[in-house]
Amino acid sequence: MYILLFAALLAQGPQTPNAAPRPGFRAAPPIFQQNCGTCHDGRQAVSITDLQQYSPERVYESLTTGKMKDQAAQLQDVQKRQIAEFLAARPMGSDEAGDIKQMTNACATNPAMADPAAGPAWNGWSPGEKNARFQSASAAGLSTAQIPGLKLKWAFGVPKAAEMHSQPTVASGRLFFGSDAGYVYSLDARTGCVYWAFHADSGTRTAPTVAPITGQGATKYAVYFVDVLTRAYALDAQTGRLLWKVQAGDHPRAKSTGSATVHDGRIYVPISAMETTTGAVLTYECCTFRGHVAALDASTGRRLWRTFVIQEEPKARGRNQQGVTLYGPAGGSVWNAPTVDAKRRRIYVGTGNGVSEPAAEGTDSVIAMDMDSGRIVWQHQEYKGDVYINNCRAAGQPGDNCPQTLGPDYDFGGASMIMHTLPDGRDVIIAGSKAGVAL
């Protein structure tokens, strides 16, 4: 029997102008947009999508000594670092920090993995596809009576990590998790020694999932995860070797903050975006992102379908005071892990608020999709007219990017839909919104 208690929080005081910024520093999106976005979003230069392929060190070098030196001359060094880390979605200096060769606690051996479905486990965002996040005593290998007697067994310091959002997966006696520093790790659950460390292109906020894989030679089990910039990965769970990698999101500002769900040879990836952060900046063409879900083949990464929660494509809706074209409808980020309904062959997701006015159908909604085709079977919009953009006032002003009525930001955010069977045999979907209301 074992239990793993996993938590990490690095508290830092106020930063001085010369201090290195925390990875993912929230000021970075507006700083990038105000100083770089006009060209790189406006297709006058290398696109933001292409810039996201570079390491933070390469971006920083371009801003300090490279061809963008003159354009970045007015920026402080800390701002240049923030832009570099925002684009790469991982901190500078992280390339070697998480390499297992730099560690003193590598496991002496790497025995063959047991079946992830056998023995105590917490696999993915929820141990069950209905996303109830309920763990039985047998699945936990732990009873409630034993909890008061728990003591620290081991601790693992995550190199270069400032914030930990990747919920750990426990399977086959191993622990799998990622960090904002761009590494994914496999540790022995009993001792904390490291089996392997994989260097992803960006940091990850999501829970990995271990599942069987076919068509990859002798590899029996894969670790599936999605990084912040929506790249989906399959790794050999035994060795950490990359099996495949694909881009799941289809927008320059797309992000992956909700965990993917793996079911029956497919991966269902929820896609969100940070236009709610950059939308108020007058140089930004607010807004064109529509929340969506992508279904991938688990063996190859091939995209099987993609469904937008807002059906209408964005169109020009006027200009702001700086002459920048504004677009809509937009919004409806999918922040949560999809819930599987195997009996009806559906998945369920909750969506975020709109970021263009008026808020479109599909925002602040619970949506059912056919898992084979992605077709929307039904949707329920709980809140209408909810348009929210950070840094906007309560009411928009003439010529800005803000809605006339702000918020109330009552979307279905980080909590997944819960599928539950009532005593009379009926199945229901339970959804919790940021308004504090459960449906």
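Rules and cut-offs
- Residues numbered from 1 in each chain as written.
- Predicted model: local features only at pLDDT ≥ 70, side-chain atom pairs only at ≥ 80, totals over all residues.
- Heavy atoms only, no water.
- Disulfide = S-S within 2.5 Å.
- Helix = DSSP H or I, 4+ residues; strand = E, 2+ residues; numbered from the N terminus.
- Buried < 20%, exposed > 50% of the residue type's maximum accessible area, 1.4 Å probe, protein only.
- Pairing = 2+ DSSP bridges.
- Axes fitted to C-alpha atoms, helices over the stretch in contact; angles between N-to-C directions.
- pLDDT = per-residue confidence, 0-100.
- Contact = heavy atoms within 4.5 Å.
- Arc of directions from axis to C-beta.
- Left-handed = near helix turned anticlockwise from the far one by under 90°.
- Nonpolar A, V, L, I, M, F, W, Y, C, P; charged D, E, K, R; others polar.
- Salt bridge = Lys/Arg side-chain N within 4 Å of Asp/Glu carboxyl O.
- Core = buried A, V, L, I, M, F, W, Y, C linked by side-chain atoms within 4.5 Å.

### Points about the state of the cysteines
- In this structure the tally under the stated criterion is three disulfides.
- One disulfide bridge connects Cys-107 with Cys-193, the sulfur atoms lying 1.9 Å from each other. Its S-S torsion of about 95 degrees marks the bond between Cys-107 and Cys-193 as right-handed, since a negative value means left-handed. Residue Cys-107 is found in the loop between helix 4 (77-88) and helix 5 (137-140), and its partner Cys-193 is found in the loop between strand 3 (183-188) and strand 4 (194-199); the two are separated by 86 residues along the sequence.
- On the basis of relative accessible area, Cys-107 is assigned to the buried category, the value being 15%.
- Across a sulfur-sulfur distance of 2.1 Å, Cys-392 and Cys-402 are joined as a disulfide pair. Taking the sign of the S-S torsion, about -85 degrees here, the bridge from Cys-392 to Cys-402 comes out left-handed. Taken as a pair, Cys-392 in the loop between strand 19 (376-381) and strand 20 (418-421) and Cys-402 in the loop between strand 19 and strand 20 lie far apart in primary sequence, ten residues in all. Both residues of the pair, Cys-392 and Cys-402, count as buried.
- Numbered by position along the chain, the disulfide-linked cysteines of the chain connect as 1-2, 3-4, 5-6.

### A closer look at the pairing of strand 11 (residues 266-273)
- The element strand 11 is extensively covered by neighbouring structure, given that eight of its eight residues are classed as buried.
- On strand 11, burial covers both faces: Arg-266, Tyr-268, Pro-270 and Ser-272 on one face and Ile-267, Val-269, Ile-271 and Ala-273 on the other are all buried.
- Bridge analysis of strand 9 (residues 254-255) against strand 11 gives two bridges, and the strand direction is antiparallel. When the bridges of strand 11 are listed, Lys-255 appears paired with Ser-272.
- As judged from the three bridges shared by strand 10 (residues 261-263) and strand 11, these two strands associate in the antiparallel manner. Its bridge partner lying in strand 11, Val-262 is registered against Ile-267.
- Hairpin connection of strand 10 to strand 11: two residues between the antiparallel strands, including Asp-264 at a positive phi of 50 degrees.
- Bridge count for strand 11 against strand 12 (residues 292-297) is six bridges, and the pairing is antiparallel. When the sheet's bridge partners are listed, Ile-267 is paired in strand 12 with Leu-296.

### Section: the sheet that holds strand 18 (residues 361-370)
- Within the open sheet, the four strands sit side by side as 16-17-18-19. Their pairing is antiparallel. The open sheet has two free edges, formed respectively by strand 16 (339-341) and strand 19, since each of these has just one partner strand. Between one strand and the next, the sheet's axes are offset by a mean angle of 25 degrees, whatever the strand orientation.
- Judged from the three bridges that link them, strand 16 and strand 17 (residues 346-350) form a sheet pairing that is antiparallel. Of the residues in strand 17, the one forming a bridge with Val-340 is Ile-347.

### Some remarks on the confidence of the model for the chain
- On average, residues of the chain score 89 in pLDDT, and 92% of them are at 70 or above.
- Segment residues 1-27: pLDDT under 50, and 48 contacts once partners within four positions in sequence are set aside and those in other chains are kept.

### Concerning helix 3 (residues 56-64)
- Taken together, the buried positions of helix 3 are occupied by Pro-56, Val-59, Tyr-60, Leu-63 and Thr-64. Across the axial projection of helix 3, the buried residues extend over an arc of 125 degrees, all falling on one side.
- Contacts from the buried residues of helix 3 go to helix 2 (48-51) and helix 4.

### Structural notes on the packing of helix 3 against helix 4
- Relative orientation of the contacting elements helix 3 and helix 4 amounts to 140 degrees, with a least axis distance of 8 Å. Crossing hand, helix 3 versus helix 4: right-handed. Contacts from Pro-56, Val-59, Tyr-60, Leu-63 and Thr-64 in helix 3 reach Asp-77, Lys-80, Arg-81, Ile-83, Ala-84, Glu-85, Leu-87 and Ala-88 in helix 4.
- For the contact of helix 3 with helix 4, a count of residues per class yields eight nonpolar, one polar and four charged.

### Some remarks on the pattern of salt bridges
- Enumeration over the complete set of coordinates arrives at 15 salt bridges.
- Asp-77 is the partner of Arg-81 in a salt bridge, and the nearest nitrogen-oxygen pair spans 3.1 Å. One end of the pair is Arg-81 and the other is Asp-77, both in helix 4 and four residues apart, which spans about a single turn.
- Of the residues examined, Arg-81 reaches a relative accessible area of 23% and is grouped as partly exposed.
- The salt bridge partner of Asp-250 is Arg-303, with a shortest N-O separation of 2.7 Å. On the criterion of sequence distance, the pair formed by Asp-250 in the loop between strand 8 (242-247) and strand 9 and Arg-303 in strand 13 (residues 303-308) is long-range, its members being 53 residues apart.
- A relative accessible area of 38% means that Arg-303 is categorised as partly exposed.

### Topic: the nonpolar core
- Formed by 20 residues in total, the largest nonpolar core has its most connected members in Tyr-224, Trp-244, Ile-267 and Val-269.
- Looking at this core, the elements that each hand over two or more residues are strand 6 (221-226), strand 7 (231-236), strand 8 and strand 11.
- Among the elements that make up this core, the one with the highest residue count is strand 11 (four residues).
- Judged by nonpolar contacts, the second largest core, of 17 residues, contains Cys-193, Tyr-195, Trp-196 and Val-210.

### Concerning the environment of Ile-347
- Mapping Ile-347 onto the fold places it in strand 17.
- C-alpha of Ile-347 to C-alpha of Ile-376: the two residues are 29 residues apart in sequence and 9.7 Å apart in space.
- In contact with Ile-347, not counting residues within four places along its chain, are Tyr-268, Val-293, Trp-305, Pro-338, Thr-339, Val-340, Ile-367, Ala-368, Met-369 and Met-371.

### Notes on the sheet that holds strand 3
- Read from one edge to the other, the open sheet built from four strands follows the order 1-2-3-4, with strand pairing classed as antiparallel. Two strands in the sheet have a free side with no partner beyond their single neighbour: strand 1 (169-171) and strand 4. Within the sheet, the average angular offset between the axes of one strand and its neighbour, ignoring direction, is 15 degrees.
- Where strand 3 meets strand 4, five bridges bridge the pair, whose relative direction is antiparallel. Bridging across to strand 4, Ser-186 finds its partner in Trp-196.

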